[in-house]
Each structure stands twice: as structure tokens, then as C-alpha cells.
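# Reading the structure
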Amino acid sequence: MAVEELVGVKEYGHYINGQWVPSESGHWFETKSPTTGEPLAKFPKGTKNDVLRAIDAAEAAFPAWKKTPPPRRGEILLRAAQIMRDRKQALGELVSSEMGKVIAEGKGDVQEAIDFLEYIAGEGRRMLGETTPSELPNKFCMTVRQPIGVVGCITPWNFPMAIPIWKIGAALITGNTIVFKPASLTPLCVATLAEIFEEAGLPAGVLNVVTGGGGTVGMEIVTNPRVKAISFTGGVPAGKEIYAAAAKELKSVELELGGKNPQIVLDDANLELALDGVLFGAFGTAGQRCTATSRLIIQEGVYDEFLDMLVKRVEALRIGDPLDPKVDVGPVVDQASGESIMSYIEIGKQEARLVTGGERLTGGEYERGFFIKPTIFETEHGTRISTEEIFGPVLSVIKVKDFDEAVRIANDVEYGLSSSIYTRDVNLAFRAVEELETGITYINAPTIGAEVHLPFGGTKHTGNGGREAGTVAIDEFTEIKTVFVDYSNRLQKAQIVDEK
Ligand code: NDP
């Protein structure tokens, strides 16, 4: 299927109970190409009542979906994965068209979604609980996993297929039904996923998508007591608001938030390897990854040499239309993001030394999108640009004396998502694993590169302790039930067996 068949499309509705339905609001918003500004599709601005309709549908679909044997649920996920595999090129182009990442990364976004569906479908035949001995005779103890019910998923725009699928795949295999709110900048990717699941045979009402603003649609999902758990990926401010609001209903909430991810390069590092790593980590997806490398911490012995090498390569990066396979860096997602990044660049010019970049590209092919030159600052640790999440193609470079200083600085931020170290010293590599306060640490690899069968998430303000993906992915979407089966035919009293 060509991308033209997926984009340029019509008006979508909300996807509720297997139907595309209009919003009661009668208001619409457009999703646009960050590269050309052209509208790709129209979506309804949802209301509280639209969310209530979606919850009704999800509640009605829950009993039958819960009863569906998990391996059968897995078959639907596998069919969805196969459909995505068959259409990978077109879906990758859709991701690049709607979000602006370069086509290789657009296809990578789709591949990550396929990988996760294939991986998590297997949980349908595991969904492991525990069996343990009892402290009493003739008694059997075990745990089983049960779905939570109607769950709410809210996602950002930067991985418009992979992140939604991490949530949808794990929620569905475990037997939950979903009310989903996509980012308002990338609803077309999620609408396309809903169509794929329908084609794969997902029953009506199991997955419902309501589009619209975070404060309206998102908050209704978060606060409505009939939505039993919330899975959110996005920024810290929204994450805090959601956590506080959901607490009033004592809901289970999973938060995957921002990052300020360091790559450390020690004197003994393979510099060519470290260079490839930081280029991909800092400027891939125009720096708009939660795991993007936004701090480069270099030991003093190789500092000048490595920075020179880096600047040459950064200045050679090709910026432009993300659908052109020769382009390395596309536009940032929209005007507001572009302005926010430029304001950080202005701050950087005051508090640090601009090494390269630092400007918006205009004219010609750059006229209709927001393109920012890959930017490097040399800075002391502690400046705003070296501690706050910028979410754009901006890298802060910091010089350190030794390993201990590198780790101290790496840890001295409010986030804790990903970190990386380049060294040939196995002792220091293992000390880094132990001492870096992040949920993910890479040795001799960049800060990006999640694999779906391993847990993903961070420490500190990057989240609230949970993880997505990997074997733990299903924890977020299951209740553990502890079961005791007493076959002694008499009342047995745990803990008080010796009492008369
Ligand atoms: P936002 O937090 O602005 O938005 C994320 C989603 O939440 C969107 O769907 C948004 O809706 C919605 N939303 C916003 N405010 C509320 C609210 N008060 N109540 C309910 N929903 C709300 O993040 P961005 O989309 O700008 O994404 C960038 C952020 O996401 C970065 O901080 C990045 O680090 C983080 N991120 C974290 C990842 C992780 O796994 N740790 C992975 C990827 C990104 P709307 O679009 O309508 O505003």
C-alpha cells in the first residue's frame, strides 16, 4: 500500500465500539506534515461525553475479551504484526510524514511495533504466576494474573507507532480493554493502528481511540473512576498532573517521562565508535527521543581531539525532507517545539560557548517546516542547557578529569532514563553499570537503542518506578491474585497452628 492511500485522507472520527463516530463537539483539528505544513487528516476535538462513550464500549467489551483465552488474543496480535510487516514501507512513510523523523527511523518505529507485538503475543502462552509450598499440610498455593479492566493509555508524538503498540500490545494480551488518547500531533498513526487491529480481527469495543486535547480528553480518562489504570508516556509536567489526579481514585499509574541522557567518553575509548554513537544518539530523530544523548561528558585527555572530530561530522549532517533517504536530520515536530528549542539555544548562547549550529534554517526547502541546525555547546555542568530536557538537536559538551567526576556529573540531574559510557576498561565499565543512576546503561553503545524484550524505563523524575517492554511489561496491566486451595477437609489456621 502506498503512503498516498494512508495520508491525504478525509475526516476521521473517534474510533468507538469498532465504528468511526463524530464528536459531539462538532469541532475538528488537523494533523499536518512538519516538513511541508500540509494537512494530512482531520480529527475530532473530543469532549468528556466522547470519552464516556468510549468507556461504555470498553466496559461492554471487557467480559468477553477477558474470557478469550490469552493464546487466542495473541493470534490477533500476531495478525496485526503481519499486516504491519506487509505494509512496513508505507507505514514508515506515514510516521515520517506525520512526525518528521527520517525514513530509516520511521521504518524503525514500525519495526519496533512489529517486534513488540510478536514478542508480547508469546505472553499469551506464558502469563506466568507462581506456585509455592504452603506452611500447612494438604494446602496448595499459587498466583494467577488477571486483567485490570478498562485501562487508559496516553502517548506522545515522538514514537507515534512504537510507543502506542508497547501499551496496546501489553494491555490486550493480558485481557484489558482500552480507551486510548494519542498525541494531538500524531493521531493519524494511531488511527491507522486501530484500522490494522480491526483488520486483524480485534472485536469491537476492545480498543477505542478518542482524539483531542490532553486537558479535556486526557484528563477525563485519567480521572474517570471506571478507567482502572493509566499508562502514560510524555513530559514531566503532564506526568505529575496525571499522577496527582489519578491518585484521587487510587488508580494504578505507569509514568514514562523525560530524560537528560549522558554519553561518557573516557581517555581509553575507541573514539571512532564513540563518535558514531554520539552522532546517532544526539541528532537522530532531531534529538526528539526520550533517550536522546543530550550531554556528552569527555575526559580531558581526549577532549580536544574528540570535540574536533565531532564538529566535523556534525557539520556534514544533511538536513532536509525526512522522506529523502539521503537526509540525516528532519524538521522538529512543530512550531511550538521549534520555538522552545530555539529559546534554549538563546539561553545557551548566554551561559555557554556555542561550538556549532545554533540557528534555524530558512528559505527554499526549509521554508515550510521548522529545521534547526544540529547544535553543540561547550558548557560547565550545572547550566540550564546541561540539566534541563531540551528535546531537540542540541548537545551540551562537558570536560571532566576522570571517571569519578564523569559519573558524579552524569548523576547530578533530575532525570534517570538512559546513560552510556565508552571505555575499554572492563573494571570501569562495570563500575558504571553499578554507579550510573539510570534505568538503562549502555557500554560502548549510544544512549538510544531499546530492544523490546528488555525492560524500558527510568529512575528519579523519569518515572514512578514501573517499566514497559520485556518480561515485566505485563505487570503494568495485570492484577496478581493469590490463590489458596485447602484440600485437608478441616479448618487450618495459618500462623496459629500451635494454638489450641
Ligand atoms: P506531553 O507530556 O506534552 O504530552 C504527552 C501526551 O499527554 C499527549 O497525548 C498529550 O496530549 C497528553 N497530555 C498533555 N497534558 C495532559 C494532561 N494534563 N492530562 C492528560 N493528558 C495530557 O509530551 P509530548 O507529547 O510533548 O512528548 C515529549 C515528552 O515525552 C518528552 O518529555 C519526552 O522525554 C517524553 N517521552 C518519554 C518517553 C519514555 O518512555 N520515558 C518516551 C518518549 C517521550 P496533547 O498531544 O493533546 O497535548
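Analysis parameters
- Residues numbered from 1 in each chain as written.
- Predicted model: local features only at pLDDT ≥ 70, side-chain atom pairs only at ≥ 80, totals over all residues.
- Heavy atoms only, no water.
- Helix = DSSP H or I, 4+ residues; strand = E, 2+ residues; numbered from the N terminus.
- Contact = heavy atoms within 4.5 Å.
- Near = heavy atom within 4 Å.
- Polar contact = N/O pair within 3.5 Å; in protein donor to acceptor, adjacent residues only side chain to side chain.
- Areas by Shrake-Rupley, 256 points an atom, 1.4 Å probe, with all protein chains shown as cover.
- Domains from an automatic or database assignment.
- Axes fitted to C-alpha atoms, helices over the stretch in contact; angles between N-to-C directions.
- Parallel < 35°, antiparallel > 145°, perpendicular 65-115°, else oblique.
- Nonpolar A, V, L, I, M, F, W, Y, C, P; charged D, E, K, R; others polar.
- Left-handed = near helix turned anticlockwise from the far one by under 90°.
- Buried < 20%, exposed > 50% of the residue type's maximum accessible area, 1.4 Å probe, protein only.
- Core = buried A, V, L, I, M, F, W, Y, C linked by side-chain atoms within 4.5 Å.
- Pairing = 2+ DSSP bridges.
- pLDDT = per-residue confidence, 0-100.
- Buried area = accessible area lost by both parts, 1.4 Å probe.
- Salt bridge = Lys/Arg side-chain N within 4 Å of Asp/Glu carboxyl O.

Once that is clear, we can look at the environment of Pro 446. With respect to the element layout, Pro 446 can be found in the loop between strand S21 (440–443) and strand S22 (459–460). Once the C-alpha coordinates of Pro 446 and Ser 97 are considered, the two residues, 349 residues apart in sequence, prove to be 26 Å apart. The contacts of Pro 446, once residues within four sequence positions are left out, are Gln 263, Gly 277, Phe 280, Gly 281, Ser 420 and Tyr 422.

To continue, consider the site of the ligand. Inspection of the region around the ligand gives 30 residues, with Ser 184, Gly 235, Leu 257, Cys 290 and Glu 389 positioned closest. In this structure, Trp 157 approaches the ligand through a side-chain N or O atom, which is 3.1 Å from an oxygen atom. Between the ligand and the protein, one listed contact pairs a nitrogen atom with a side-chain N or O atom of Glu 241 at 3.3 Å. Contact with the protein chains hides 84% of the accessible area of the ligand, taken as 910 Å² for the molecule alone. Secondary structure elements with two or more residues in the shell around the ligand: helix H8 (214–223), strand S10 (229–233) and helix H9 (236–247). Inspection of the shell around the ligand shows a minimum of three residues originating in each of domain 1 (3–257 + 463–482) and domain 2 (261–443).

Turning our eyes to something else, we now look at the packing of helix H3 (residues 70–86) against helix H6 (residues 162–173). Running from amino to carboxyl end, H3 crosses H6 at an angle of 155°, the nearest separation of the two axes being 9 Å. Regarding the angle of H3 to H6, the classification is roughly antiparallel. On H6, the residues that touch Pro 70, Arg 73, Gly 74 and Leu 77 of H3 are Gly 169, Leu 172 and Ile 173. Here the residues of the contact of H3 with H6 sort into four nonpolar, two polar and one charged.

What follows concerns the packing of helix H2 (residues 48–67) against H8. Here H2 crosses H8 at 45°, and the two axes come no closer than 9 Å. In terms of their interaxial angle, H2 and H8 are classed as oblique. The crossing of H2 and H8 is right-handed. Of the residues in H8, those in contact with Lys 48, Val 51 and Leu 52 of H2 are Val 217, Glu 220 and Ile 221.

Take the side chain of Thr 423 next. Mapped onto the fold, Thr 423 is located in the loop between strand S20 (418–422) and helix H15 (426–435). Of the polar contacts made by the side chain of Thr 423, one reaches the side chain of Asp 268; its length is 2.9 Å. If we skip the residues at most four places from it in the chain, Thr 423 touches Leu 266, Asp 268, Ala 269, Ala 429 and Asn 444.

Look at Asn 138: it is not a glycine, yet its phi comes out positive at around 50°. Of note, Asn 489 is a non-glycine position whose phi angle comes to about 65°, a positive value. Tracing the sequence through the fold places Asn 489 in the segment after strand S23 (478–486). Take Asn 489: its relative accessible area is 82%, and that puts it in the exposed class.

Attention now goes to the nonpolar core. In terms of nonpolar packing, the biggest core is built from 63 residues, with Met 84, Phe 116, Met 161, Leu 172, Ile 178 and Phe 197 touching the most fellow members. For this core, the domains that each give at least three residues are domain 1 (3–257 + 463–482) and domain 2 (261–443). Discounting chain neighbours no more than four positions away, the residues touching Phe 197 are Leu 77, Ala 80, Leu 117, Ile 165, Ile 168, Leu 172, Leu 202 and Leu 207. Within the second largest apolar cluster, 42 residues are counted, among which are Ala 269, Val 278, Ile 341 and Ile 345.

Now for the sheet that holds strand S13 (residues 293–299). Read from one edge of the open sheet, seven strands run S14-S17-S18-S13-S12-S20-S21, paired in mixed fashion. The outermost strands of the open sheet, each flanked by one partner alone, are strand S14 (353–356) and S21. Here the average twist between neighbouring strands, direction ignored, is 25°. As paired elements, strand S12 (residues 261–265) and S20 share three bridges and run parallel to each other. Bridging across to S20, Ile 264 finds its partner in Ile 421.

Mapped onto the fold, Thr 478 is located in strand S23. A polar side-chain atom of Thr 478 sits 2.8 Å from a polar atom in the side chain of Arg 145. Non-local contacts of Thr 478, meaning those with residues more than four positions away in its chain, are made with Arg 145, Gln 146, Ile 148 and Thr 174.

Looking at H8, one finds that the buried residues are Val 217, Gly 218, Met 219, Glu 220, Ile 221 and Val 222. Summarising the contacts, the buried residues of H8 are in contact with H2, strand S7 (150–154), strand S8 (177–181), S10 and H9.

Turning next to the confidence of the model for the chain. Segments scoring low in pLDDT should not have their predicted coordinates read at a detailed level. Averaged over all residues, the pLDDT of the chain equals 96, while 97% of them reach at least 70. Here residues 1–8 is modelled with pLDDT under 50, and outside its nearest four sequence neighbours on either side it reaches 17 contacts, counting other chains as well.

Turning next to the domain arrangement of the chain. Structurally, the chain comprises domain 1 (3–257 + 463–482) and domain 2 (261–443). Using C-alpha coordinates to define each centre, domain 1 is positioned 31 Å away from domain 2. In this assembly, 21 residues from domain 1 lie in contact with 27 residues from domain 2. For the domain 1 and domain 2 pair, buried surface summed over both sides reaches about 1900 Å², with 62% attributable to carbon and sulfur atoms. Taken together, the connections running from domain 1 to domain 2 amount to one salt bridge. Between Glu 38 and Arg 368 there is a salt bridge; the shortest N-O distance is 3.7 Å.

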